[in-house]
Amino acid sequence: MVDQIPALLVLAPLFGALLVALIGHRDHRVCFPIALASLSVTLIGAIAAAQHVFTNGPMDYFVGGWEKPLGIGIHLRIDALNALLLIAIATVAVLVSFFSIRRIGEKNAEKTHYFYILFLLLCLGLFGITIAGDAFNLFVLVEVSSLTSYGLIAMGSSRRGTYAAFNYLLMGTVGASFYLLGVGYLYLTTGSLNMQEIHAILGTNPEIAESKAVTIAFIFILVGIWIKMAFFPLYGWLPNAYSYCPSSTACFLAPLMTKVSVYVMIRVMISVFGLEWVFVSLGWSNLIVVLAVIAILAGSVLALAQREIKKMLCYLIVAEVGYMVGGAWLADEELWGLTGSLYHILADAAMTLCLFLAAGIFVKSFGARDINDLDGMFKKAPWVMAAFAIGALSMIGVPPTCGFFSKFYLIRGGIDAGHWEFVAALLISSLVNAVLFFRIFEIAFFGNKPAEGHDHGHDDHEAEEITIVRNEAPPAWSGLFPLLTSAVIIVLIGIFNGPIVALIRTFFEELPTVTLLHSTLTLLP
Amino acid sequence: MLSKVFATIAVAITGSILLYGVSDFPAFGDPHSPANAGVPGSESVSLYFIEESYKDTKVPNLVTSVLADYRGYDTMFETVVIFAAGMAIFAILRVVGNKEEEVSREPVENSFTNGDHSRIIVGTTVRIVVPVIQLFALYVVAHGHHSPGGGFQGGVILGASFIIIALAENLNAALRRLSEQNYVRLAVVGIFIYALFGVMAQVLGRNFLDYGVLAPLLFTDGPEMARSHSMLGVEVGVAFTVTAIMFAIYANLSSRGQLEKGL
């Protein structure tokens, strides 16, 4: 039974979505239970898979039973690299499905079932991307997740959301095409689409591994994924898409889409090309770490310039993507940078979830879009604000929240690799986050100063966007429950950082290339 | 203007990087290129398909056996992509509720041949052509094993036959034949059929989409014929979904989500 889990992870949301499509339009109240049931199945499945992986080693699943020769069928794989991410995706999905109960029901109620169909298909896409062991299959599931996220972003009643979704569609299509072009070049030179097989071919045939076509394949795959994850110069689609879409959509996309893309980058680096090829043969890690430093600084500065809460959080995501890309490319001998990146994928998913849920509740219950609208929020909604504070402290990097530990591992990697500019960028980013969030705390705790107070208005919002109810209703349990859970998760990931990192690092022990990498790196001056 | 300059530069850089790698490509039509004959030291996937796929599946069309069996998981999610596209378009465009009045789907008169003369010509042509198109579509779906074709192509042709009706008469005429409720059902049933073939294999104790084990259910005397029949089954599923979504996308786009009048 356990060996069928990889198929189960994509089938449960698929059948959920089909069921909602079939009967959801009659009575919208059935949508949520169906979604929750199918997502709970995936959560249980993900936990069982992780338990299996960490006790018995990686799970390989060959769809259709086509195992030999490797690459004729589709290969799904759960190992130490993605087992924890699967749990994270399932957890976020379950929590956001609670958050979506009332949010969607209130406005555009007649479209509730479309939301749940797209939401479940998006979960399916993310699970599929995560377990894919085949480069082309990964592309197919990227398409599923992209199309559904365009739909989800455009669903809101705001016209800006539709425009942002169109912008995202263009950028996302370019990103996906780049990825596909890269995979095409790889297939042309290696004759296989299976990740393990490509890795083996590149390892045993140096003349192929050193060919220009493989390097170009890597560049296109990398740039394609960078567009999808909004790495700094390619981030243009993200802030509008995530801040003008419905809250429940933002709460799901913001924690997961960029993080899953970072995972794909790391997966491609390790399992397709191999760390030795990426770090030693290509030798671009210094350049990319500098790009990451620019991303971190630019994201932080742009976040500082925002007055809208969600926009600010979006630019923080751009900075966080810089953390993860930089960490993955640090190429330090002990791979602490890569460890930090993988840990930060989980940590950032929890932090972003918490902050976006809080921002969603601020908009929904109090009509607070701008930072200045948070006036006296500690009194009005102490629980929401407390959870928001935990998320914020984690973003700043205060122990025992997970944000502190991910920075700790990233900085350790940065010092080991001698990339002091990366270490400095992380510290500056922490400082900027501190300024940002303490400004919010000040307003929320002590209230606005009358001088800078209510003159900002909402002129920059189009009239149709102000659809929010101004009757400051107390936040519903369906919003509070996922928010507080996510705040607890932030602290738990932080406290149990040791075991989590140990689990992540079991993956590196299986890597034959790491020892190679060490020997080659020490030869370098 | 400036953005066009930037775009040109970006396209030029991308194109030149792509061209730069071309010099490493195997020669055009080279039978020993990695994609055709594999790389020394690892078993070639292409040669396996060419040599073994008929033995494995008894399907003469190699493309179909790769698409619907070896890589059937991809094809299932390609179908899901189409389904998701349809659902995203409904979610954005479809105007539900607050409709002024319920549109009657009753035929007003025989509007195919009434009215001006150009409509008579178009209407009569469509009446004659549509059954032929639909028959051909079914042939394309069913004959995907032996000749080029299959669920996607057949589904598109079948969907086009409904679109032609909508273009020649009006959208209601087409919706009378395939209503909104029915096209959503058809799309769902299509993917359900596909997934069912996979799940049945799981129920019988094998991996997802392992058609060979379905032999007793399909009354065939061996896993090969079971794979062949299952491929026909999943192609039918794909055709259902593609037909429904093709027409649904047209109906929603042409009427701005109102599902009335249309173009």
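Residue indices begin from 1 for each chain and proceed along its sequence in written order. Whichever chain is written first is A, and whichever ligand is written first is 1; the rest continue in order. Selection of residues for local features in this predicted model requires a pLDDT of at least 70, selection of side-chain atom pairs for listing and counting requires 80 or more, and totals for whole chains, interfaces and linings are taken over all residues. Computation of side-chain values covers all heavy atoms of the structure but excludes hydrogens and water.

Topic: the overall build of chain B
For helices the rule is a DSSP run of H or I covering at least 4 residues; for strands it is a run of E covering at least 2, with both sets numbered from the N terminus onward. Counting secondary structure elements, chain B contains 10 helices and zero strands. N-terminal to C-terminal, the α/β element order of chain B is α-α-α-α-α-α-α-α-α-α. In terms of overall dimensions, chain B is more spread out than a globule: its C-alpha atoms have a radius of gyration of 23 Å, far above the 18 Å expected for 263 residues. Seen through its principal axes, chain B has C-alpha atoms that stretch 70 × 65 × 35 Å. Residue exposure (1.4 Å probe, protein chains only): buried if accessible area is under 20% of the type maximum, exposed if over 50%, otherwise partly exposed. Here chain B holds 263 residues, and the buried ones make up 47% of them. Two residues form a contact once any of their heavy atoms are found within 4.5 Å. Sequence-distant contacts, at least 24 apart, represent 63% of the contacts inside chain B between residues at least 6 apart. Radius of gyration here uses only the C-alpha atoms, and the compact-globule reference equals 2.2 Å multiplied by the residue count raised to the power 0.38.

A word on the overall build of chain A
The helix and strand inventory of chain A stands at 22 helices and two strands. Its C-alpha atoms give chain A a radius of gyration of 22 Å, within 12% of the compact-globule value 24 Å for 525 residues. For the C-alpha atoms alone, the extent of chain A along its principal axes is close to 70 × 55 × 40 Å. Going through the 525 residues of chain A one by one, you find that 66% of them count as buried. In chain A, of all internal contacts separated by at least 6 residues, the share reaching a separation of at least 24 is 81%. Accessible area for chain A stands at about 16,900 Å²; split by element, carbon and sulfur atoms hold 68% of it. Working convention for charge: Lys and Arg count positive, Asp and Glu count negative, and His plus the chain ends are omitted. Throughout, a charge is located at the NZ atom of Lys, the CZ atom of Arg, the CG atom of Asp or the CD atom of Glu. Counting 27 positive and 35 negative side-chain charges, chain A places the centres of these two groups 9 Å from one another. Only the protein chains shown count as cover for residues, and the accessible areas themselves come from Shrake-Rupley with a 1.4 Å probe.

Let's talk about the interface of chain A and chain B
Residue-level contacts link 63 residues of chain A with 58 residues of chain B. Summing both sides of the interface, chain A and chain B together bury roughly 5,300 Å²; the carbon and sulfur share of this comes to 71%. We count a salt bridge whenever a side-chain nitrogen from Lys or Arg sits within 4 Å of a carboxyl oxygen from Asp or Glu. Connecting chain A to chain B are one salt bridge. Here R71 of chain B and D134 of chain A are joined by a salt bridge, their closest N and O atoms 2.7 Å apart. The term polar contact refers here to a pair of N or O atoms within 3.5 Å; inside protein, the definition further demands a hydrogen-donor-capable atom paired with an acceptor-capable atom, and it admits residues adjacent in sequence only when both atoms are side-chain atoms. Inspection of the chain A/chain B interface yields 16 residue pairs in polar contact (both at pLDDT 80 or more). Broken down by element, the side of chain A that touches chain B gets its largest block of residues, 10 residues, from helix 5 (residues 135-154) of chain A. Charged residues are taken to be Asp, Glu, Lys and Arg, nonpolar residues to be Ala, Val, Leu, Ile, Met, Phe, Trp, Tyr, Cys and Pro, and polar residues to be all remaining types, Gly included. Each residue belonging to the side of chain A that touches chain B can be placed in one class, and the counts come to 41 nonpolar, 14 polar and eight charged. Buried area, as used here, totals the accessible surface that two parts lose on assembly, with accessibility defined by a 1.4 Å probe and the loss added over both.

A word on the confidence of the model for chain B
In this model, chain B carries a mean pLDDT of 86, and residues with pLDDT of at least 70 account for 90%. Across the chain, each position has a pLDDT score giving the predictor's confidence in that residue, from 0 to 100. Averaged pLDDT values over the elements of chain B bottom out at 83 in helix 2 (residues 34-37) of chain B and peak at 93 in helix 5 (residues 72-93) of chain B.

A short note on the side chain of T64 of chain B
Residues and elements named next belong to chain B. Counting through the fold element by element, T64 comes out in helix 4 (residues 62-70). Residue classification places T64 among the buried residues on the basis of a relative accessible area of 3%. Within the local environment of T64, its side chain forms a polar contact with the backbone oxygen of G144, the two atoms lying 2.6 Å apart.

Describing unusual backbone geometry
Residue and element names in this part refer to chain A. With omega at 5°, the peptide bond leading from P399 into P400 counts as cis. If you trace the backbone, P400 turns up in the loop between helix 17 (382-396) and helix 18 (402-417). One non-glycine residue, A331, lies in positive phi territory at about 60°. In this structure, A331 sits in the loop between helix 14 (309-328) and helix 15 (336-366). With a phi close to 60°, L335 is a non-glycine residue in the positive phi region. L335 sits in the buried class, given a relative accessible area of 2%.

Here we look at a nonpolar patch on the surface
On the surface, M1, L2, V5, F6, I9 and I13 of chain B cluster together into a nonpolar patch covering about 660 Å² of accessible area. One can find M1 of chain B in the segment before helix 1 (2-22). Note on patches: the residues involved have over 30% relative accessible area and no salt bridge, like charges join within 9 Å, and the nonpolar side chains Val, Leu, Ile, Met, Phe, Trp and Tyr join within 5 Å.

Observations concerning the environment of S147 of chain B
All names here are of chain B. Inspection of the secondary structure assignment puts S147 in the loop between helix 6 (117-142) and helix 7 (151-168). In this structure, the C-alpha to C-alpha distance between S147 and S23, residues 124 residues apart in sequence, is 35 Å. Among the polar contacts made by the side chain of S147, one reaches the side chain of H143 at a distance of 2.9 Å.

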